[in-house]
Structure formats: C-alpha cells, structure tokens
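Results of the structural survey
The lines below spell out each chain.
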Amino acid sequence: MPTYRILLVEEQVESDCAEFKVAASTPRDGAKILVGAHARAREKSSNWVSLPDGQSARIEPDNLVRTRVYCVLLDDEGNEVEEIDLDIPASPAHPPS
C-alpha cells in the first residue's frame, strides 16, 4: 500500500463589520475608500479603521462564520501538489484509496 504526505488543513472564516457613511461618486469608489482605510489600519497592526472625516470603528473579527477542513497532497520535498476536497468525487486519475 502506498504512503502519501498529506497536509491536514483547518480553515476558519471569522467576520465583523462596521457601517460608515462615505462620500464618493459611486458605491464601488466608496468601497475602495473603506478597503484602503482598512489596509492602512492593518499596516499599523491596528483594528481601528479611520476615515479622514473622523469616522472610525473597530473591526475585530470574532464571529465564526464557517470552518472548512480539507487536505493537501504534498510531494517528497513538501511542496503542495493538489488540494484533496472529499466533498468532490475523485477523478479517474486519482481513484479513492
């Protein structure tokens, strides 16, 4: 029976949100402003998202939205070859063992 190197991964998605009123020409432009403010906060290792007009909110994801468990096949050097998702039927090239 063959032996495989397989990485077991547990991925958790957490969320939090905050509402802002953003002046912008389009909703997409407003979203870009918020995402930029979030990126600047993360660069400072801060959870406080602040806009130039003084609005700020703490974004601290702590609400678990979902958990996904899956595996990744590794080669002999430990490099990822492919993801193994047991919810997807095996292809003929990789029959179930």
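Let me sum up the structure you'll find in this document.

The next subject is the overall build of the chain. A tally of helices and strands in the chain yields 1 helix and 5 strands. Each helix (α) and strand (β) of the chain, taken in turn from the N terminus, gives the series β-α-β-β-β-β. Counting across all 97 residues of the chain, residues that qualify as buried make up 13%. Across the chain, contacts joining residues at least 24 apart in sequence account for 55% of those joining residues at least 6 apart.

Across the sheet, which stays open at both edges, the 3 strands sit in the order E1-E4-E5 with antiparallel pairing between neighbours. Strand pairing shows two members of the sheet lacking a second neighbour, strand E1 (5–15) and strand E5 (80–84), which therefore form its edges. Within the sheet, the average angular offset between the axes of one strand and its neighbour, ignoring direction, is 35°. Across 4 bridges, strand E4 (residues 63–74) lies against E5 in antiparallel orientation.

It is worth spelling out the nonpolar core at this point. By size, the foremost hydrophobic cluster in this structure holds 7 residues: Phe-20, Ala-37, Ala-41, Val-49, Leu-51, Ala-57 and Ile-59. Residues within four places of Ala-37 in sequence aside, it is in contact with Val-49, Ser-50 and Leu-51.

Let us now look at unusual backbone geometry. In the Ramachandran plot, Ser-45 falls in the positive-phi region, its phi being about 55° despite a non-glycine side chain. Within the fold, Ser-45 resides in the loop between helix H1 (27–43) and strand E2 (48–50).

With that out of the way, let us pick up H1. With 17 residues, H1 extends 24 Å from end C-alpha to end C-alpha; this agrees with the ideal 24 Å at 1.5 Å per step. Those residues of H1 that are buried lie in contact with E2. Taken from the residues just after H1, Ser-45 is the one with a positive phi, measuring 55°.

Here we come to the pattern of salt bridges. On inspection of all chains with the given rule, the structure shows 4 salt bridges. Between Arg-68 and Glu-11 there is a salt bridge, and its shortest N-O distance comes to 3.7 Å. Within this pair, whereas Arg-68 is found in strand E4, its partner Glu-11 is found in strand E1, the two being separated by 57 residues in sequence. Assessed through its relative accessible area of 33%, Glu-11 is described here as partly exposed. As a salt-bridge pair, Arg-68 and Asp-85 come within 4.0 Å of each other at their nearest N and O atoms. Remark: Asp-85 occurs in the segment after E5 and Arg-68 occurs in strand E4; sequence separation between them is 17 residues.

Rules used in this analysis
- Residues numbered from 1 in each chain as written.
- Predicted model: local features only at pLDDT ≥ 70, side-chain atom pairs only at ≥ 80, totals over all residues.
- Heavy atoms only, no water.
- Helix = DSSP H or I, 4+ residues; strand = E, 2+ residues; numbered from the N terminus.
- Buried < 20%, exposed > 50% of the residue type's maximum accessible area, 1.4 Å probe, protein only.
- Contact = heavy atoms within 4.5 Å.
- Pairing = 2+ DSSP bridges.
- Axes fitted to C-alpha atoms, helices over the stretch in contact; angles between N-to-C directions.
- Core = buried A, V, L, I, M, F, W, Y, C linked by side-chain atoms within 4.5 Å.
- Expected span 1.5 Å × (residues − 1).
- Salt bridge = Lys/Arg side-chain N within 4 Å of Asp/Glu carboxyl O.

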